[in-house]
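# Notes for the structure review
Listed below are the residues making up each chain.
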Amino acid sequence: MVNATKGLFVSCDIPMAQFIINLNASLPASQKFIIHVLDNTHLFVQPHVADMIRNAIAEFREQNSYEKPTG
Amino acid sequence: MPQVKIIARNFMDMVAALPAMKLDQLYQNAFICEAILRSLPPLAKKYVIQMLFIEEAVTVKSMEEWVLPDGMSKHKVAIDRLLQLRIFSETFDRSSGTSYSLNPTFQSNLQKQITCGGVLPREPMPLTITNRLPSLEDLEAYALEQWECFLLQLINSAQAEKMTNISSSMMRIFQRGLLTQREKEPPRLTESGFQFLLMDTNAQLWYIIREYISNSEERDVDSADLISFLLELSFHATGEAYNMNTLTEVQRNTLKDLADLGLVKLQQGRKDSWFIPTKLATNLSVSLTDSSSRKEGFVVLETNFRMYAYSTSKLHCEILRLFSRIEYQLPNLIVGAITKESLYNAFENGITSEQIISFLQQNAHARVADRIPSVPENVTDQIRLWESDLNRVEMTPAHFYDEFPSRDVFEAACDFAREYGGLLWEDSKKMRLVVKTDVHMHMREHLRRQRQ
């Protein structure tokens, strides 16, 4: 019998995929959100983590940018 | 400029949506016929001109022969538009089939327009009465000042130094859709508000006029009268004075509102009062076609991302502040830089990189406008890269299917999902499938049927 799982399909580039997998690995077992790693650019995750992933990416992006001090 | 065309077409859509009686009433004015002709798609214009002096109806079949086979879609678009505006009317004849004929009022008015030239219902007033008319530069400065004051007040009442006379209820109507008002917070620009600011002046004008007209019914003003007056106004000569006593009461009230927007200048003499249309008004009809009226650009962008805007206008400063970091303001110059943070700010507000780039290109200073490209490519590329950096990850709600009993069921499910456009990912080796959530219900039905 075919099995259907509900979730979120994530499509991104390879570095981002690795970042999300790393994020998943750093969380305690109860909070792990990746259901399947489909290939190196696609993931299938639990539906409620969309905002959390976006926030994590934004934080990562901000850590990598330099802002010239104003004043 | 395609943007202006889209907004102006929206205005024409509004005209096309008027009831049949009102449209026929509108066509009695020759200038409206000309304005509508200008706004038609090119193929439709050709058909109208071809049919202009033909008295009888032309069959649909012979019209289709005028077009090459790959032009059929454009042909359909043109014919639909003409039917929608009631310029073409269909007649059915048992012997010759369906045929099209031109609306007779429209036809006779346009014929007159072409052969005798347009005659406005009013003549410019002699200089003896009007004494000294403002020069064209004064007029343009006046129009610009009024328009900018209006825009500034529209987006942020605190910034405008001089309040226009437009009533606050009218302002609220214009602001609807452009500003959101939350309790206890100052009104904030919405996404369409930001895009509105970056649009070309003609596009902004058409938008405002459209709102004004759609609102006219609530004020007991007939929208057809208003549309005909506005289109007629756009055919007047800039800088000439026209007597107010040739206008009806309704038209006079409308003129007062238009003066606040900067479309006309009202003046009063000893006995008469008159109005002078400015460039803003006369440009309305010009902007119906695709011709672009290039105004003076003022922005110079350098390859080191620094921006120099030769402008004194507060409005320009506000617009530039939307996507760049303003560093200092000198008496005739605004100096700023385009930075990642300022752009992220803009993207968060819903502005796209294409809008920013086209704004910069359209407003490039005369000195750099002739250079190709007018905005340095490294800057435009970087703006696009920064935008795509924000969208590195795409997330779609979906369902994951595995444990298919056989390969045939798997293939069938794949094809099914593909037909509905919901197939996101498949793995044929392990027989796994990811399908969009909106297709999930159909997929379940399909699988249930497969099992039986």
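Provided above is the structure to which this section pertains.
Anyway, here's the lowdown on the structure attached to this text. Note that the structure is a prediction, hence the values are computed from the model and not measured.

Moving on to the environment of A57 of chain B. Mapped onto the fold, A57 of chain B is located in the loop between α4 (42-51) and β1 (58-59). Along the backbone, A57 of chain B and S99 of chain B are 42 residues apart, and their C-alpha atoms lie at a distance of 5.8 Å.

What follows concerns the side chain of N103 of chain B. Residues and elements named next belong to chain B. Its place among the elements puts N103 in the loop between β3 (97-102) and α7 (104-116). Reaching out from N103, the side chain makes a polar contact with the backbone oxygen of R86 at a distance of 3.1 Å. Apart from the residues lying within four places of it in its own chain, the contact partners of N103 are D24, Y27, R86 and I87.

Another aspect to go through is the sheet that holds strand β7 (residues 264-268) of chain B. All names here are of chain B. The antiparallel open sheet is built from three strands, whose spatial order is β6-β8-β7. Of all strands in the sheet, those with a lone pairing partner are β6 (242-243) and β7, marking the two edges. As paired elements, β6 and strand β8 (residues 273-277) share two bridges and run antiparallel to each other. Looking at the pairing, N243 lines up with W274 of β8. Its contacts with the sheet put helix α14 (residues 249-261) on β7 and β8, and the angle it makes with β7 is roughly 115 degrees.

Another point: the sheet that holds β1 of chain B. All names here are of chain B. Across the sheet, three strands lie side by side as β1-β3-β2; this open sheet has antiparallel pairing. If you trace the sheet from one side to the other, it starts and ends with β1 and β2 (88-93), each paired once. Along the sheet, α4 makes contact with β1, β2 and β3, crossing β3 at roughly 85 degrees. Contacts from helix α6 (residues 72-84) reach β2 and β3, with the element oriented near 95 degrees to β2.

A few words on the side chain of Q355 of chain B. Its place among the elements puts Q355 of chain B in helix α18 (residues 353-362). Owing to a relative accessible area of 15%, Q355 of chain B belongs among the buried residues under this scheme.

Residue and element names in this part refer to chain A. The final tally for this structure, using the stated rule, is 13 salt bridges over all chains. In this structure, D51 engages R54 in a salt bridge whose closest nitrogen and oxygen atoms are separated by 3.8 Å. Here D51 pairs with R54, and both are found in helix α2 (residues 50-63), just three residues apart, close to one helical turn. The class for D51 is exposed, based on a relative accessible area of 52%. You can call R54 partly exposed: its relative accessible area is 45%.

What follows covers the pairing of β3 of chain B. Residue and element names in this part refer to chain B. Among the six residues of β3, five are classified as buried, and the element is accordingly described as predominantly covered. Relative to β3, β1 runs antiparallel, the two being bridged by two bridges. Bridging from a neighbouring strand, V58 pairs with Y100 of β3. By the bridge criterion, six bridges tie β2 to β3 in an arrangement that is antiparallel. Its bridge partner being in β3, E90 is matched across the sheet by Y100. If you look at the hairpin formed by β2 and β3, you'll find three residues sitting between the two strands.

Contact with chain A, which involves 31 residues of that partner, is made by 27 residues of chain B. Note on chain A versus chain B: buried area summed over both sides is about 2500 Å², and carbon and sulfur give 60% of it. For chain A, the biggest contributors to the area lost against chain B are V2, F9 and R61 of chain A; these three give 25% of the whole. Residue D13 of chain A pairs with R392 of chain B through a salt bridge whose shortest N-O separation is 3.1 Å. One can count seven residue pairs in polar contact (both at pLDDT 80 or more) joining chain A with chain B.

Residues and elements named next belong to chain B. Their axes nearest at 13 Å, the elements helix α9 (residues 136-155) and helix α12 (residues 201-216) cross at an angle of 65 degrees. By the angle class used here, α9 and α12 are roughly perpendicular. For α9 against α12, the interelement crossing comes out left-handed. Of the residues in α12, those in contact with W147, F150, L151 and L154 of α9 are T201, Q204, L205 and I208. Of the residues in the contact of α9 with α12, the class split is six nonpolar, two polar and no charged.

In terms of nonpolar packing, the biggest core is built from 110 residues, with I87, F88, F323, I356 and L360 of chain B touching the most fellow members. When residues no more than four places from it in sequence are discounted, the contact partners of I356 of chain B are L198, F323, L343, A346, F347, I351 and I383 of chain B. If you look at the next biggest cluster of nonpolar residues, it comprises 20 residues, including M16, L27 and A50 of chain A together with V393 of chain B.

This part covers the packing of aromatic side chains. Residue and element names in this part refer to chain B. In the structure shown here, the tally under the stated rule is 11 aromatic pairs over all chains. On the basis of an interplanar angle of 75 degrees and a centroid distance of 5.3 Å, the ring pair of F404 and F410 is categorised as edge-to-face. The exposure class assigned to F410 is buried, which follows from its relative accessible area of 0%. Each ring, one from F416 and one from Y420, has its centre 5.0 Å from the other, and the planes form 40 degrees; the classification is tilted. Over the ring of Y142 we find K265; its NZ or CZ atom is 4.0 Å from the centre of that ring.

What counts and how
- Residues numbered from 1 in each chain as written.
- Chains lettered and ligands numbered in written order.
- Predicted model: local features only at pLDDT ≥ 70, side-chain atom pairs only at ≥ 80, totals over all residues.
- Heavy atoms only, no water.
- Helix = DSSP H or I, 4+ residues; strand = E, 2+ residues; numbered from the N terminus.
- Polar contact = N/O pair within 3.5 Å; in protein donor to acceptor, adjacent residues only side chain to side chain.
- Contact = heavy atoms within 4.5 Å.
- Pairing = 2+ DSSP bridges.
- Axes fitted to C-alpha atoms, helices over the stretch in contact; angles between N-to-C directions.
- Buried < 20%, exposed > 50% of the residue type's maximum accessible area, 1.4 Å probe, protein only.
- Salt bridge = Lys/Arg side-chain N within 4 Å of Asp/Glu carboxyl O.
- Buried area = accessible area lost by both parts, 1.4 Å probe.
- Parallel < 35°, antiparallel > 145°, perpendicular 65-115°, else oblique.
- Left-handed = near helix turned anticlockwise from the far one by under 90°.
- Nonpolar A, V, L, I, M, F, W, Y, C, P; charged D, E, K, R; others polar.
- Core = buried A, V, L, I, M, F, W, Y, C linked by side-chain atoms within 4.5 Å.
- Phe/Tyr/Trp six-rings, centres within 6.5 Å; stacked < 30°, edge-to-face > 60°.
- Lys NZ or Arg CZ within 6 Å of the ring centre and 35° of its normal.

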